[in-house]
Amino acid sequence: MNQKHYTLWYFSVAIIFIILENLNLGLSAFIAKALIIPSLMVFYHKQLEGNYSYFHRLIMSGLFFSWIGDLCLKLGDFPGFPLSSDILFLAGLGSFLFTHIIYFLAFTIAKGKNTIFSKRLYQLILVLLYGSIMLYYLYRSLGDMKVPVIAYTSIILLMLLAALNRYGKVNGLSYILVVIGALLFVFSDSLIAITKFQMKISFAGVIIMLTYVLAQYLIVLGCIRQSVISDNSK
């Protein structure tokens, strides 16, 4: 299959999951969700043609932990599962925490000037301001989850800053794709936090899933473009 076919397959599986989820078909939805990230990993592997650098191994590892996180969060929807939904939520949170740490490390590999601390300082300020507002908004409703949520928020914002800091270090297309993907990831996770700890939002589940799958796809595509067009990943 070429890139268009893999892309169609990936988003088709995601849409099938959303439909099954909204029809409350638990087991079928779980199977569909379990196929989403592996589909993207196969796409990534095929595009690289087996030419893995340390950078690409990191991204693939990040995708693997995302998959584990997806499974943990979905298993929390099954009442009869041996582990409680709270434990599975923490396990999912931990898995995605590893994903963002790995993405952060991958995005810092490219060599060059760290313009986010000089010419693009406004980006650093905006990201920190966003994180502060989100935590202030959620803080009173977090209860025992204060420390995990603060830690998770800090790491995902570091991941976003690392993506923004690739400016001038990689080709323009790779930079834009990864930054948009990172922003969508932050948006998706922010919406999860708001709906879990603060308020219910209509169609939040659909929005969260669509932004999540698009975020992962754009990050992967940006990393492939970095490999194809730039030597920074080698």
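The rules we used
Residues numbered from 1 in each chain as written. Predicted model: local features only at pLDDT ≥ 70, side-chain atom pairs only at ≥ 80, totals over all residues. Heavy atoms only, no water. Helix = DSSP H or I, 4+ residues; strand = E, 2+ residues; numbered from the N terminus. Rg over C-alpha atoms; globule rule 2.2 N^0.38 Å. Buried < 20%, exposed > 50% of the residue type's maximum accessible area, 1.4 Å probe, protein only. Contact = heavy atoms within 4.5 Å. Areas by Shrake-Rupley, 256 points an atom, 1.4 Å probe, with all protein chains shown as cover. Phe/Tyr/Trp six-rings, centres within 6.5 Å; stacked < 30°, edge-to-face > 60°. Core = buried A, V, L, I, M, F, W, Y, C linked by side-chain atoms within 4.5 Å. Polar contact = N/O pair within 3.5 Å; in protein donor to acceptor, adjacent residues only side chain to side chain. Axes fitted to C-alpha atoms, helices over the stretch in contact; angles between N-to-C directions. Parallel < 35°, antiparallel > 145°, perpendicular 65-115°, else oblique. Nonpolar A, V, L, I, M, F, W, Y, C, P; charged D, E, K, R; others polar. pLDDT = per-residue confidence, 0-100. Left-handed = near helix turned anticlockwise from the far one by under 90°. Lys, Arg positive; Asp, Glu negative; His and termini not counted. Salt bridge = Lys/Arg side-chain N within 4 Å of Asp/Glu carboxyl O.

## A few points about the overall build of the protein
Logical step 1: The helix and strand tally for the protein stands at eight helices and zero strands.
Logical step 2: For the protein, the sequential pattern of α-helices and β-strands runs α-α-α-α-α-α-α-α.
Logical step 3: For 234 residues, the compact-globule formula gives about 17 Å, and the C-alpha radius of gyration of the protein, at 18 Å, lands near that figure.
Logical step 4: Along the longest, intermediate and shortest principal axes, the C-alpha atoms of the protein span 50 × 45 × 30 Å.
Logical step 5: Looking at the protein residue by residue over its 234 residues, the buried ones come to 49%.
Logical step 6: Put simply, of all contacts in the protein between residues at least 6 apart along the chain, 74% involve residues at least 24 apart.
Logical step 7: Split by element, the accessible area of the protein, about 12,000 Å² in all, is 70% carbon and sulfur.

## Overview of the packing of aromatic side chains
Both the distance between ring centres and the angle between the ring planes are used here to describe each pair of aromatic rings.
Logical step 1: All chains considered together, the criterion is met by 15 aromatic pairs.
Logical step 2: Consider the rings of Phe 43 and Tyr 217, whose centres lie 5.9 Å apart with planes at 20 degrees: the pair is stacked. In this pair, Phe 43 sits in helix H2 (residues 26-48) while Tyr 217 sits in helix H8 (residues 204-229), placing the two residues 174 residues apart along the sequence. The burial state of Phe 43 is the same as that of Tyr 217; both residues are buried.
Logical step 3: Aromatic side chains Phe 89 and Phe 197 sit 6.3 Å apart centroid to centroid with 75 degrees between the ring planes, which places their arrangement in the edge-to-face category.

## Focus on the nonpolar core
Logical step 1: Tyr 44, Leu 63 and Phe 107 are the most contacted members of the largest nonpolar core, which has 69 residues in total.
Logical step 2: Counting only elements with at least two residues in this core, the list comes to helix H1 (3-22), H2, helix H3 (54-75), helix H4 (85-107), helix H5 (121-138), helix H6 (146-164), helix H7 (172-197) and H8.
Logical step 3: Aside from chain neighbours lying at most four places away, what touches Leu 63 is Ile 37, Leu 40, Met 41, Tyr 44, Tyr 103, Gln 216 and Val 220.
Logical step 4: Counting residues in hydrophobic clusters, the runner-up holds five residues, among them Phe 30, Ala 34, Leu 75 and Leu 88.

## Concerning unusual backbone geometry
Logical step 1: Non-glycine residue Asn 24 carries a positive phi angle of around 60 degrees.
Logical step 2: Mapped onto the fold, Asn 24 is located in the loop between H1 and H2.

## Structural notes on the side chain of Thr 195
Logical step 1: As for its placement among the helices and strands, Thr 195 is situated in helix H7.
Logical step 2: A polar contact of 2.9 Å, which involves the side chain of Thr 195, links it to the backbone oxygen of Leu 191.
Logical step 3: Those residues in contact with Thr 195, other than ones at most four positions away along the chain, are Lys 200, Ile 201, Ala 204 and Ile 208.

## A look at the packing of H2 against H3
Logical step 1: It is the contact of H2 with H3, at a shortest axis distance of 10 Å, that shows an interaxial angle of 175 degrees. Put simply, H2 runs roughly antiparallel to H3. Contacts between H2 and H3 involve Gly 26, Ala 29, Phe 30, Lys 33, Ala 34, Ile 37, Pro 38, Leu 40, Met 41, Tyr 44, His 45 and Leu 48 from the former and Phe 55, His 56, Ile 59, Met 60, Leu 63, Phe 64, Trp 67, Asp 70, Leu 71, Lys 74 and Leu 75 from the latter.
Logical step 2: When grouped by side-chain class, the residues that make up the contact of H2 with H3 number 17 nonpolar, three polar and three charged.

## So, the confidence of the model for the protein
Logical step 1: On average, residues of the protein score 91 in pLDDT, and 96% of them reach the 70 mark or higher.
Logical step 2: Counted against residues more than four places away or in other chains, residues 230-234, with its pLDDT under 50, gives 12 contacts.

## Some thoughts on the packing of H6 against H7
Logical step 1: Here H6 crosses H7 at 165 degrees, and the two axes come no closer than 8 Å. Judged on the interaxial angle alone, H7 and H6 are roughly antiparallel. Seen from above, H6 lies across H7 with left-handed handedness. Mapping the contact onto sequence places Val 149, Tyr 152, Ile 156, Met 159, Leu 160, Ala 163 and Leu 164 in H6 and Tyr 175, Val 178, Val 179, Ala 182, Leu 183, Phe 185, Val 186, Asp 189 and Phe 197 in H7.
Logical step 2: For the contact of H6 with H7, the per-class residue count stands at 15 nonpolar, no polar and one charged.

## Some words on the environment of Val 206
Logical step 1: With respect to the helices and strands, Val 206 occurs in helix H8.
Logical step 2: For the pair formed by Val 206 and Phe 17, sequence separation is 189 residues and the distance between their alpha carbons is 9.9 Å.
Logical step 3: Discounting residues that sit within four places of it in the chain, Val 206 has contacts with Ile 18 and Asn 22.

## Examining the side chain of Asp 189
Logical step 1: The residue Asp 189 is located in helix H7 in this model.
Logical step 2: Look at Asp 189: it is buried, it has no salt bridge, and the nearest opposite charge is Lys 33 at 10 Å.

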